[in-house]
Amino acid sequence: MIQLVEVGGQRLAVEDRGSGWPLLLVHGFPLDHGMWAAQIESLAEVARVLAPDLRGFGQSDPLPAECTAVTMARFADDLAGLLAALQVEGPVGVCGLSMGGYIALEFWRRHRGRVGKLILCDTRAAPDAPEAVAARFQNAQRVLAEGSSVLIDSLLPRLVATETLAGDSEVVAHLRRMILEARPQTVAAALRGMACRSDARPWLGAIDCPTLVLVGQHDAISPPHEMQAIAAAIPGARFEMIPGAGHMAPMENSSATNAALKAILTP
Ligand code: MLT
């Protein structure tokens, strides 16, 4: 069931399925909670799955007109607000992909008492290099001027493995739909927010909850060697490589991803 929940003066859409221990699924850029469809279906058998559309994305309210950037901290605090609004108490599982992973790391830093298990999918702990920051600001301007469709050529081919691009038309069509439906103002605000995100590497060693680091074998954005380094820096973290998948491992190889997620959720 998708419901609209009032959080800090705006409404966030959230799909709330299943029962048991709560698990937050935090989507990547510039997508919405629909990227987790296969996980919501499968994990609702073992958990209460909460899959929100982040501020300004999907079916959540548009950003206020004056908003030009949304930081990872703001998104993370929204998630804490969402849990409070839903009266979800105690530690929860937090699983984020890519931008959702930046937010999950920030959530851990700001609300660590709320994190019982952490799952980092296809994400990075390092901040952007200066050229990447400049490119994000340029892309933000471009999306505002020309619309979210400009991301189809530049981003979509990098999101999935070559074999997915060539063969899995439903995954590619779904990604295309989510990108085209993303509001340009939100896309630009998230780009600017990602550009100024914190370097999470210094605090990886302090993460003290069970952690899974998961990456698609062919991820070109957050490559396996970089994710392996994240896992090595987090005490006791488990590392899982998803075969035949790129950056969007949960969509491209949902059965392997679901099995890895179930293994950490129900040890
Ligand atoms: C994502 O999938 O969320 C993006 O690739 C993250 C990014 O642009 O750094």
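As a reminder, the structure under discussion sits directly above these lines.
Read on for a plain summary of the structure. All values derive from a computational prediction rather than experimental measurement. The residue numbers shown here count from 1 along each chain, following its written sequence. For a predicted model such as this one, the threshold for reporting local features is a pLDDT of at least 70, and the threshold for listing and counting side-chain atom pairs is 80 or more; totals across whole chains, interfaces and linings nevertheless cover every residue. Heavy atoms from the whole structure form the basis of all side-chain values; hydrogens and water molecules are not counted.

### A look at the pairing of strand β3 (residues 22–26)
Under the convention used in this document: For the exposure calls, accessible area comes from a 1.4 Å probe over protein chains only, and a residue counts as buried if that area is under 20% of its type's maximum, exposed if over 50%, partly exposed in between. Put simply, DSSP marks the helices as runs of H or I at least four residues long and the strands as runs of E at least two long, and each gets a number from the N terminus on. In short, DSSP must find at least two bridges between two strands for them to pair. Handedness of a crossover is defined as follows: orient the strands so they point away from the viewer, and if the path from the first strand over the helix to the second runs clockwise, the crossover is right-handed.
Extensive coverage of β3 is indicated by the burial of 5 of its 5 residues. Here β3 shows two buried faces, one formed by P22, L24 and V26 and the other by L23 and L25. Here β3 pairs with strand β4 (residues 48–52) via 3 bridges, running parallel. Its bridge partner lying in β4, P22 is registered against R48. Following the backbone out of β3, through helix α1 (residues 37–43) and into the adjacent parallel β4, one traces a crossover that is right-handed. For β3 and strand β5 (residues 92–97), the ladder comprises 4 bridges, and the chain directions are parallel. Bridging across to β5, L23 finds its partner in G93.

### Description of the site of the ligand
Put simply, the rule reads: Each residue is tested against the molecule or strand, and it is near if at least one of its non-hydrogen atoms lies within 4 Å. Polar contact criterion, stated in full: a pair of N or O atoms within 3.5 Å, where within protein one must be able to donate a hydrogen and the other to accept it, and residues adjacent in sequence count only if both atoms are side-chain atoms. Accessible areas in this description were obtained via Shrake-Rupley with a 1.4 Å probe; residue shielding takes into account the shown protein chains only. Amino acids are sorted into nonpolar (Ala, Val, Leu, Ile, Met, Phe, Trp, Tyr, Cys and Pro), charged (Asp, Glu, Lys and Arg) and polar (every other residue, Gly among them).
Taken together, G28, F29, S98, M99, Y102, R136, M194, I221 and H247 form the complete shell of residues around the ligand. Note that an oxygen atom of the ligand is positioned 2.9 Å from one of the backbone N or O atoms of M99. One of the side-chain N or O atoms of Y102 is found 2.5 Å from an oxygen atom in the ligand. Alone, the ligand offers 270 Å² of accessible surface; in the complex the protein occludes 93% of this. Classifying every residue of the shell around the ligand gives 5 nonpolar, 3 polar and 1 charged.

### Section: the nonpolar core
Applicable threshold: What is meant by a nonpolar core is a set of buried Ala, Val, Leu, Ile, Met, Phe, Trp, Tyr and Cys residues, joined one to another through side-chain atoms within 4.5 Å. Residue contacts are defined here by distance: any two heavy atoms, one from each residue, within 4.5 Å place the two residues in contact.
Membership of the largest hydrophobic core comes to 94 residues, with the highest contact counts inside it found for F29, M99, I103, L175 and M248. Not counting the four nearest positions on each side in its chain, L175 is found in contact with L31, L156, L159, V160, M248 and M251.

Spatial relationships are all this shows, so hold off on functional conclusions.
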